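Below are the chains, spelled out letter by letter.
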Amino acid sequence: MLNDRKEKYEKGKMTKSMNSENRMEEKSDEHMDVRLQHCLAYVLHTSGTTGTPKIVRVPHACIVPNIQHFRVLFEITHEDDLFLASPLTFDPSVVEIFVALSSGASLLIVPTSVKVLPSKLAAVLFSHHRVTILQATPTLLRRFGSQLIKSTVLSANTSLRVLALGGEAFPSLTALKSWREVGNKTQIFNVYGITEVSSWATFYRIPEKILNSTLKCELPVQLGFPLLGTVIEVRDTNGFTIQEGIGQVFLGGRYRVCFLDDEVTVPLGTMRATGDFVTVKDGEIFFLGRKDSQIKRHGKRLNVELVQQIAEGLPEVESCAVTWYNQEKLILFMVSKKDLVKDCIFKELQKYLPSHAIPDELVLIDSLPLTSHGKIDVSELNKIYLNYINLKSEWKLNGKDELWEKLQHLWKSVLNFSEDPLKVPNESLFLNSGGDSLKSIRLLSEIENLVGTSVPGLLEIILSSSVLEIYNHILQTVFPDEDLTFSKNYATKRKLNDVNQEENNGKSLRQESVMSLNCDSEINAFMALSRGSQILSLNTTRFLTTLEHCPSACSSDLISQTNIQNMKSLNPPALIGTSKDPSCIADVPEEETPVMGAEKMEFRVRWRSDTGKCVDASPLVVIPAVDKSSATVYIGSHSHRMMAVDLYSGKVKWEQTLGDRIESSACVSNCGNFVVVGCYNGLVYVLKSNSGEQYWMFTTEDAVKSSATMDPTTGLLYIGSHDQHAYALDIYKKKCVWKLKCGGTVFSSPCLSLIPHHLYFATLGGLLLAINPATGNRVWEYSCGKPLFSSPRCCLQYICIGCVDGNLLCFTHFGEQVWKFSTNEPIFSSPCTSASEQEIFFGSHDCFIYCCSMKGHLQWKFETTSRVYSTPFAFHNHNRSNEMLLAAASTDGKLWILESKSGQLQSVYQLPGEVFSSPVVWESMLIIGCRNNYVYCLDLLSGKQK
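Residues numbered from 1 in each chain as written. Predicted model: local features only at pLDDT ≥ 70, side-chain atom pairs only at ≥ 80, totals over all residues. Heavy atoms only, no water.

Student: Help me understand unusual backbone geometry, please; the structure alone is not making it clear to me.
Tutor: What you tend to see is this: most non-glycine residues have negative phi, and most peptide bonds are trans. With an omega of -5°, the peptide bond between isoleucine 755 and proline 756 qualifies as cis. With respect to the helices and strands, proline 756 occurs in the loop between strand S37 (751-753) and strand S38 (758-762). Phi at glutamine 724 is positive, roughly 75°, even though this residue is not glycine. Locating glutamine 724 in the fold gives a position in the loop between strand S34 (717-720) and strand S35 (725-730). Among the residues examined, glutamine 724 registers a relative accessible area of 15% and is labelled buried. The residue lysine 734 is not glycine, and still its phi comes out positive at about 55°. Residue lysine 734 is classed as buried on the basis of its relative accessible area, which comes to 17%. (Helix = DSSP H or I, 4+ residues; strand = E, 2+ residues; numbered from the N terminus. Buried < 20%, exposed > 50% of the residue type's maximum accessible area, 1.4 Å probe, protein only.)

Here's what the structure looks like:
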């Protein structure tokens with residue numbers, strides 16, 4: 001092994017051991033027994049830094065191969081001086097001690113008081129004693145500081161012959177090369193292992209040509225080759241050994257076995273899971289990070305150690321550490337080489353890191369805290385950050401001017417244009433400046449950190465008002481005695497429209513059915529489908545003999561109770577719908593290709609219709625009972641256009657331009673003759689469903705993003721506004737029946753329960769309200785503490801809603817919380833229930849689609865490739881009516897079809913833009929809006945139809 005081919009020999013040995021995954025089973029009946037005399041060499045505790053603390057009892061046969069191999073690998077002689085860098089509680093100390101003693105080399109032991117002083121330690125090691133072998137953690141080395149490392153530890157004339165770094169992720173090659181003085185000849189090794197398999201398992205010597213190269217190198221350093229007697233395997237999530245790709249490292253060997261905790265006997269050749277993830281490429285293994293350093297942030301997977309490596313490579317950074325504080329904030333702790341502005345660091349990080357990896361905060365510290373084992377002390381960093389937060393909260397803002405200046409800075413920082421030297425215009429709106437719902441929550445958090453207190457109602461102001469109005473709203477809380485630039489009525493209040501509209505003056509009107517009123521035309525029988533599998537079946541009883549199908553969606557609480565039984569008795573359709581005009585079917589553009597795999601179904605574009613701008617609204621599909629072939633899709637877009645499109649052919653029936661952007665989804669009236677939609681200009685439009693002609697407008701005092709809900713027993717329509725009010729509208733009498741102040745912006749859509757007769761509204765202030773639909777009076781309210789973007793959804797027993805804090809909450813109809821189910825990120829998706837009302841489906845920003853039982857227990861979860869904002873849709877498989885499927889969309893434009901009982905993937909399709917619209921399924925057609933300006937109708941084809 002001492003010849004030049006020793007590394008090739010080791011590499012060949014590793015390949016051989018990885019290819020023979022069953023080799024350890026040859027003598028599976030043989031065990032190592034802790035009770036045998038002279039079995040154990042020593043016993044220690046793991047620190048718990050990288051997992052649960054354990055007692056590890058190490059046999060002689062397990063640790064001796066490490067000592068033997070390092071003697072040969074480092075070519076140690078009696079002339080060498082080794083530094084005992086590790087404390088006796090850290091198992092590398094055993095290797096350091098016995099490598100020295102068994103080679104006749106000197107072992108240098110220094111007091112702890114010297115170890116903690118970098119300059120004094122450097123003098124002892126390299127001036128007084130001329131140490132030749134140093135085995136340390138990267139953090140311990142960084143304590144010297146880059147200048148001292150370059151001038152002493154890795155200088156051109158250093159005594160250090162071998163530097164072995166292990167116990168933590170290896171430093172970036174960029175940082176490593178910057179630490180070496182020109183002419184340095186020190187051999188540098190990456191060593192890797194775990195205490196559970198006795199110290200070290202692999203080694204890799206960094207080639208001289210890489211260390212001496214002047215080119216910037218971002219390549220990771222491989223783990224290298226197994227040490228004597230060691231077997232290394234990389235296994236996938238199913239436990240199978242892999243030769244390429246990503247997996248978890250397992251370590252072992254015939255005699256490389258330790259006893260953990262209460263183990264008395266262990267089979268020879270036992271392989272231990274490390275919790276470390278790697279990628280294998282061309283036979284080389286590269287460290288990705290620990291299982292507990294893999295986090296989900298802003299809906300994407302992130303390795304915290306990658307952020308640390310990138311930050312460490314910046315020229316301004318002396319050393320750094322990154323923590324995931326309370327699983328909420330990514331904090332970068334940094335020791336800087338010189339005075340710097342934090343914005344400069346963030347600007348540099350944005351060049352090398354994706355947006356979801358940019359830290360939330362940068363904390364400057366004098367030095368990194370270490371554990372006794374020389375690793376970064378994460379608990380101490382958390383204490384430092386807690387003190388930092390407390391200190392920040394004590395800082396007093398020096399009046400309005402400083403608040404205005406810092407608000408401008410935070411505005412730019414959250415919207416990623418902090419380098420812009422220009423002042424933010426007073427009239428700037430957050431959403432129009434590139435903000436979104438998630439960024440608004442971050443800005444809210446930053447502002448509340450700045451002022452040191454919560455600011456009630458601030459989120460609604462951020463989403464709907466200008467930066468100056470946001471500033472004035474904060475002033476009311478922080479400087480209540482100051483004169484305000486604006487009056488407390490920060491938004492320009494619109495006068496109620498006088499088109500046949502009566503003032504309500506807070507009085508509730510007696511609720512009565514409007515079915516007997518003259519609606520300008522006859523009452524129609526129809527079914528209406530909207531997001532979340534909501535079905536409205538109205539006036540269909542006398543048409544049951546001609547109604548040849550039942551919607552493919554599941555029944556919901558919105559089906560009028562007189563028709564529920566009738567609908568359940570109808571059979572699902574047997575044949576796929578076909579276009580009457582095949583020439584209208586659009587060809588599939590190249591970028592809209594299905595993502596193929598082991599799916600059982602396939603998508604095909606039936607038609608797509610250009611709306612002119614982004615389509616965030618969800619479709620409303622109305623199917624007449626008499627002539628289902630005249631079914632219509634109603635949908636609006638950011639282009640201000642409201643459209644009616646023929647479901648089967650994709651032909652535009654009519655188009656109406658409203659006063660502003662449309663994100664509200666349409667709702668159909670009780671008679672079927674009107675569609676109702678909210679608009680950004682604060683108006684609720686009532687349009688004739690057959691022509692788009694404007695029938696009535698109702699004016700609220702701010703933007704309407706909420707979608708209306710219709711009460712099938714009375715015909716009243718309920719809708720919320722950003723003006724913090726809920727409204728009940730009688731469109732036939734063209735008047736507001738009642739108006740209720742909700743104590744927060746109403747962003748989501750109301751939900752109606754028929755038994756008990758309750759109306760549910762949710763606010764961005766975190767309130768869930770139960771309202772009497774007849775009077776507009778509160779029945780009960782519940783404060784969730786965090787904003788509610790999700791719409792409530794009710795079934796026979798319960799009412800459910802998702803919250804920004806990542807919880808799905810479930811209540812009885814009397815306001816008692818039954819359970820909550822936690823995800824890792826905010827929930828903007830609204831819940832959808834199965835036909836049996838036994839399951840609830842919803843998505844989360846953590847990139848998962850969830851299925852829970854009505855008791856709040858997880859049934860399954862499916863990982864998508866991006867955040868899930870929209871609401872899933874449960875429906876019957878058109879080709880196998882006994883099979884229930886689930887359609888869902890992730891924001892990256894992927895449509896997912898899952899088997900609803902198991903969560904198994906049936907098909908996936910990529911749209912060419914982001915998707916915030918929710919899918920609706922009728923027969924075998926899925927309709928959805930996309931941010932590439934189109935609304936799509938896609939056929940779902942089974943294997944026989946492909």
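That was the structure; now back to the text.
Student: Quick question: what am I supposed to make of the packing of helix H2 (residues 60-73) against helix H3 (residues 92-103) here?
Tutor: Packed helices, taken two at a time, are described by their axes: the angle between them and the distance between them. H3 packs onto H2 with a crossing angle of 60° between their chain directions and a minimal axis gap of 9 Å. Between H2 and H3, the angle is such that the two are oblique. Crossing hand, H2 versus H3: right-handed. Note on element contacts: H3 touches H2 through Val94, Val95, Phe98, Val99, Ser102 and Ser103, opposite Ile63, Asn66, Ile67, Phe70 and Arg71. Taken together, the residues of the contact of H2 with H3 break down into 7 nonpolar, 3 polar and 1 charged. (Axes fitted to C-alpha atoms, helices over the stretch in contact; angles between N-to-C directions. Parallel < 35°, antiparallel > 145°, perpendicular 65-115°, else oblique. Left-handed = near helix turned anticlockwise from the far one by under 90°. Contact = heavy atoms within 4.5 Å. Nonpolar A, V, L, I, M, F, W, Y, C, P; charged D, E, K, R; others polar.)

Student: What am I meant to see in the packing of helix H5 (residues 118-128) against helix H7 (residues 146-153) here?
Tutor: Interhelical geometry of H5 versus H7 gives an angle of 10° and a closest axis separation of 11 Å. When the axes of H5 and H7 are compared, the pair comes out roughly parallel. Side by side, H5 and H7 meet where Pro118, Ser119, Ala122 and Phe126 of the first sit next to Leu148, Thr152 and Val153 of the second. Looking at side-chain class alone, the contact of H5 with H7 contains 5 nonpolar, 2 polar and no charged residues.

Student: I'm lost on the environment of methionine 710 in this one. Help?
Tutor: Tracing the sequence through the fold places methionine 710 in strand S33 (residues 709-710). When the C-alpha atoms of methionine 710 and leucine 752 are compared, they prove to be 8.1 Å apart, with 42 residues separating the residues in sequence. The residues contacting methionine 710, other than those within four sequence positions of it, are Leu536, Leu538, Cys667, Val668, Ser669, Asn670, Gly715, Leu716, Leu717 and Leu752.

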